[in-house]
Number of protein chains: 2
Amino acid sequence: MTETGPAVLIVEDEPQMRRFLRAALGSHGFKLLEASTAREAVQLATSHNPELILLDLGLPDGDGIDLTRQLREWCTAPIIVISARGREEDKVQALDAGADDYLTKPFGTNELLARMRVSLRHAQQVGSSAASPILQVGELRIDLGRREVAVGDRQVRLTPIEYKLLVYLARNAGRVLTHRQILAEIWGSTHGVQAHHVRVHMAELRKRIEVDPAQPKLLLTEPGVGYRLRDRS
Amino acid sequence: MTETGPAVLIVEDEPQMRRFLRAALGSHGFKLLEASTAREAVQLATSHNPELILLDLGLPDGDGIDLTRQLREWCTAPIIVISARGREEDKVQALDAGADDYLTKPFGTNELLARMRVSLRHAQQVGSSAASPILQVGELRIDLGRREVAVGDRQVRLTPIEYKLLVYLARNAGRVLTHRQILAEIWGSTHGVQAHHVRVHMAELRKRIEVDPAQPKLLLTEPGVGYRLRDRS
DNA sequence: GCAGCGCGTCAAGAAGACGTCAAGACTGAC
DNA sequence: GTCAGTCTTGACGTCTTCTTGACGCGCTGC
């Protein structure tokens, strides 16, 4: 299984700079998300919850400083500002608005990567000491930080695929997820992988989290469509 | 003004620069500690446990990078490197050695202060767990200052890599660390180093800290993911 | 009734991950 | 130079997990 690195959101409107960043980061295993406007950036940050944000201050729609402030209201991912403006005041403003670092163009790939490592290091420490994020759906508790799953009081051990499946379902609790969506999320490209896989692993998952796997109360089948995790009893 | 602000350790040998920093920081309520050599820096850091360290790379006795690495063994206070060297490689080295930021001379007071605020903000989030030089996880005791490890009453001798591994695991006790994370933390950039290394050294570590290495109680394998140090029974 | 389809279950085997051992390379001390 | 301690690397057996195919059930349309 190829493990993908951290998801990084790039907020940058110049195509040239984006190409540069894509080249610099893509080869290091990062999963890239790209936005060229502030609006798009907020959308992507909300939907994908990236682990790090690279933000160019010069955006067409609105100030990058404001965007920083806006993101910081709910998003804890480190923000590294990239800017052509090298004035001290700009740096101070960005850092005080909530940015974690400030790089002035032009800069080298290696410095960028090193500063990203610093930020990711910080994020990890914060995550470990702060209360870890927990998904709770009815009886089900998923501690994402510790990678632990419990049903009621019972601790449950899951294989990597089962865990991925369950987290995906829990993140979309109540919503129906189609086979196609599940295949894309868990297996990535859907080449050669079939809906049958989903069924097999769902059965395994039911054995672990359901009281009676034959009468599922949590993991519901939506015939002809997909699966759904019940979010309220 | 009553000086009740955070304690900041300044490591700098040029008197002129020290005067500048003293002037820049003193008026902002920081409590200042000053060292002009690496040896002195370690002493002051140990005795006063400052909340932030400003470190000039060009010291008379020894490399600043080494000092950074040495401090990071047990000290979690943010380190901001100040240097006349602006070469990208220097920055990367310092940041990877454990520094949290890198400022190239000349720089403005306001930028320095802003970057210090960022670092202190981070340190605060990480929380009070930062201060203790001793890590305790169940039976396991790691004295970071003395670099000593004990399981129960039994003192344990570890090789450098084993020690690093154990400290990393203990700092994240309870949570699963992926192979990728472990490789990045212990070996730095993961080029050429494989998950196999982790397995070999984990086996060594188990031989030393487990009662029965074949039935690990502390150092648990999470198949397909990584390893975890048990923090509660 | 019965073929066609989607779904759940089971089991076998493949693939890959893991633990262990041991041989060499490398390092710093002497 | 030798020597001890450590790290890397490869080989190999074991175990877990994933894939894949077979089969039975229930539903639907004919």
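Calculation notes
Residues numbered from 1 in each chain as written. Chains lettered and ligands numbered in written order. Predicted model: local features only at pLDDT ≥ 70, side-chain atom pairs only at ≥ 80, totals over all residues. Heavy atoms only, no water. Domains from an automatic or database assignment. 1 Å grid on protein atoms, 1.4 Å probe; cavity = no way out; pocket = protein on both sides within 12 Å on 5 of 7 lines; lining within 4 Å. Points joined across faces, edges and corners; volume = space filled by probe spheres on them. Helix = DSSP H or I, 4+ residues; strand = E, 2+ residues; numbered from the N terminus. Buried < 20%, exposed > 50% of the residue type's maximum accessible area, 1.4 Å probe, protein only. Arc of directions from axis to C-beta. Contact = heavy atoms within 4.5 Å. Pairing = 2+ DSSP bridges. Axes fitted to C-alpha atoms, helices over the stretch in contact; angles between N-to-C directions. Near = heavy atom within 4 Å. Polar contact = N/O pair within 3.5 Å; in protein donor to acceptor, adjacent residues only side chain to side chain. Nonpolar A, V, L, I, M, F, W, Y, C, P; charged D, E, K, R; others polar. Salt bridge = Lys/Arg side-chain N within 4 Å of Asp/Glu carboxyl O.

1. Some words on the domain arrangement of chain A
Here's step 1: Assigned domains of chain A: these are domain 1 (7-123) and domain 2 (132-229).
Here's step 2: Distance between the C-alpha centres of domain 1 of chain A and domain 2 of chain A: 33 Å.

2. Details of the layout of surface pockets
Over the atoms, a rolled probe matching the size of one water molecule traces out where space is still vacant.
Here's step 1: Its boundaries defined by the atoms lining it, the second largest pocket holds a volume of some 430 Å³.
Here's step 2: Forming the boundary of the second largest pocket are 18 residues, of which A:Glu148, A:Gln155, B:Leu220, B:Glu222 and B:Arg228 lie nearest the centre.
Here's step 3: Going through the elements one at a time, strand E8 (148-151) and strand E9 (154-156) of chain A together with strand E11 (219-222) of chain B are the ones with two or more residues in the lining of the second largest pocket.
Here's step 4: At three residues, the largest contribution of residues to the lining of the second largest pocket is made by E11(B).

3. Regarding empty space enclosed by the protein
Here's step 1: Enumeration over the complete set of coordinates arrives at one cavity of 30 Å³ or more.
Here's step 2: Empty space within the largest cavity amounts to approximately 80 Å³.
Here's step 3: Around the largest cavity sit A:Asp100, A:Asp101, A:Arg115, A:Val118, A:Ser119, A:His122, B:Asp100, B:Asp101, B:Arg115, B:Val118, B:Ser119 and B:His122, which together line it.
Here's step 4: Secondary-structure elements contributing two or more residues to the lining of the largest cavity are helix H5 (109-129) of chain A together with helix H5 (109-126) of chain B.

4. Quick notes on helix H2 (residues 38-48) of chain A
Residue and element names in this part refer to chain A.
Here's step 1: Every buried residue of H2 is accounted for by Ala38, Ala41, Leu44 and Ala45. Projected onto a plane normal to the axis of H2, the buried residues spread over an arc of 125 degrees and lie on a single side. Away from the buried face of H2 by more than 90 degrees, exposed residues Arg39, Gln43 and Ser47 are located.
Here's step 2: Close packing links the buried residues of H2 with strand E1 (7-11), strand E2 (31-35) and helix H3 (64-72).
Here's step 3: Looking one or two places after H2, you find Asn49, whose phi comes out positive at around 45 degrees.

5. A look at unusual backbone geometry
Here's step 1: Cis geometry is found at the peptide bond from A:Lys105 to A:Pro106, where omega equals -5 degrees.
Here's step 2: Its location among the elements puts A:Pro106 in the loop between strand E5 (101-104) and H5.
Here's step 3: Of note, the phi angle at B:Asn49 is positive, near 45 degrees, even though the residue is not glycine.
Here's step 4: Summarising the element assignment, B:Asn49 is placed in the loop between helix H2 (38-48) and strand E3 (52-56).
Here's step 5: Not every positive phi belongs to a glycine, and B:Arg147 is a case in point at roughly 60 degrees.
Here's step 6: Structurally, B:Arg147 is set in the loop between strand E7 (140-143) and strand E8 (148-151).

6. With respect to the sheet that holds E11(B)
Residues and elements named next belong to chain B.
Here's step 1: The strand order across the open sheet formed by three strands is E10-E12-E11, and the pairing between neighbours is antiparallel. Both outer strands of the open sheet, strand E10 (177-178) and E11, are each paired with one neighbouring strand and no more.
Here's step 2: Taken together, the two bridges between E10 and strand E12 (residues 226-229) define a ladder with antiparallel strand orientation. Along E12, the bridge assignment pairs Leu177 with Tyr227.
Here's step 3: Against the sheet, helix H8 (residues 195-209) engages E11 and E12, with an angle of about 150 degrees to E11.

7. What about the protein's contact with DNA strand D?
Here's step 1: Taken together, 19 residues sit near DNA strand D, with A:Arg157, A:Thr159, A:His197, B:Thr159 and B:His197 positioned nearest.
Here's step 2: Per the 4 Å cut-off to the protein, sugar and phosphate atoms form 66% of the nearby atoms of DNA strand D.
Here's step 3: At 3.0 Å from a phosphate oxygen of DNA strand D is found a main-chain nitrogen or oxygen belonging to B:Ile161.
Here's step 4: Between DNA strand D and B:His201 there is a distance of 3.3 Å, counted from a phosphate oxygen to a side-chain nitrogen or oxygen.
Here's step 5: Going through the elements one at a time, helix H6 (160-171) and helix H8 (195-209) of chain A together with helix H6 (160-171) and H8 of chain B are the ones with two or more residues in the surface near DNA strand D.
Here's step 6: Split into classes, the residues belonging to the surface near DNA strand D amount to nine nonpolar, eight polar and two charged.

8. Notes on the protein's contact with DNA strand C
Here's step 1: Residues in close proximity to DNA strand C total 20 residues, the closest being A:Thr221, A:Tyr227, B:Arg206, B:Thr221 and B:Tyr227.
Here's step 2: Looking at DNA strand C alone, sugar and phosphate atoms form 76% of those within 4 Å of the protein.
Here's step 3: B:Arg206 is positioned such that a nitrogen or oxygen atom in its side chain is 2.7 Å from a phosphate oxygen of DNA strand C.
Here's step 4: Separating a phosphate oxygen of DNA strand C from a backbone N or O atom of B:Gly224 is a distance of 2.9 Å.
Here's step 5: For the surface near DNA strand C, the secondary-structure elements that each account for two or more residues are H8 of chain A together with H8 and E11 of chain B.

9. Describing the pattern of salt bridges
Here's step 1: Within the structure shown, the criterion is met by 38 salt bridges over all chains.
Here's step 2: Residue A:Glu14 is joined to A:Lys105 by a salt bridge in which the shortest nitrogen-to-oxygen separation is 3.7 Å. Remark: A:Lys105 occurs in the loop between E5 and H5 and A:Glu14 occurs in the loop between E1 and helix H1 (15-26); sequence separation between them is 91 residues.
Here's step 3: A relative accessible area of 37% places A:Glu14 in the partly exposed class.
Here's step 4: Taking the shortest distance from any N to any O, the salt bridge between A:Glu222 and A:Arg228 comes out at 2.8 Å.
Here's step 5: Judged by relative accessible area, which is 22%, A:Arg228 ranks as partly exposed.
Here's step 6: Residues joined in a network through salt bridges with shared partners are A:Lys91, A:Asp101, A:Glu111, A:Arg115, B:Lys91, B:Asp101, B:Glu111 and B:Arg115.

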